Amino acid sequence: MLENEVKKYAALNSLAKQNGTVIFGGGEDTAIPLCELKQAFSIEGELYNRSISGLSVDDAAVAFDLCAAPLCPDAVLLHL
């Protein structure tokens, strides 16, 4: 797993609000434009992208537990 990504998201999660929506995936998902997505679909509440470049299906459960689960999301958009 990519340790730098996990550390970055841990730091961001300490500042983030819980109970929002989390996008979680790999590769191309890291570049999803959150502001445009919120606007286009009238998404209320917080929206966070916790995607990790190079994420494998084998590492996804551990990465989710470390990077996305601490946000206690109400919804998760999962793309693996």
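Residues numbered from 1 in each chain as written. Predicted model: local features only at pLDDT ≥ 70, side-chain atom pairs only at ≥ 80, totals over all residues. Heavy atoms only, no water.

1. Looking at unusual backbone geometry
- Despite not being glycine, N19 shows a phi value in the positive range, around 70°.
- Along the chain, N19 falls in the loop between helix 1 (3-13) and strand 1 (21-25).
- On the basis of relative accessibility, which here comes to 44%, the residue N19 falls in the partly exposed class.
- One non-glycine residue, C72, lies in the positive phi region at around 50°.
- Mapped onto the secondary structure, C72 falls in the loop between helix 3 (57-67) and strand 3 (75-79).
- Taking relative accessible area as the criterion, C72 reaches 38% and is therefore assigned partly exposed. (Helix = DSSP H or I, 4+ residues; strand = E, 2+ residues; numbered from the N terminus. Buried < 20%, exposed > 50% of the residue type's maximum accessible area, 1.4 Å probe, protein only.)

2. Digging into the nonpolar core
- V6, Y9, V22, F24, Y48, I52, L55, A60, A63, C67, A68 and L71 form the largest nonpolar core, which has 12 residues in total.
- Broken down by secondary-structure element, the contributors of at least two residues to this core are helix 1, strand 1 and helix 3.
- At three residues, the largest contribution of residues to this core is made by helix 3. (Core = buried A, V, L, I, M, F, W, Y, C linked by side-chain atoms within 4.5 Å.)

3. Looking at the packing of aromatic side chains
- Counted by the stated rule, this structure contains one aromatic pair.
- Ring geometry for F24 versus F64: centroids 5.4 Å apart, planes at 85°, classification edge-to-face. Taken together, the residues F24 in strand 1 and F64 in helix 3 connect sequence positions 40 residues apart.
- Classification of F24 as buried rests on a relative accessible area of 1%.
- Here F64 falls in the partly exposed class, since its relative accessible area comes to 23%. (Phe/Tyr/Trp six-rings, centres within 6.5 Å; stacked < 30°, edge-to-face > 60°.)

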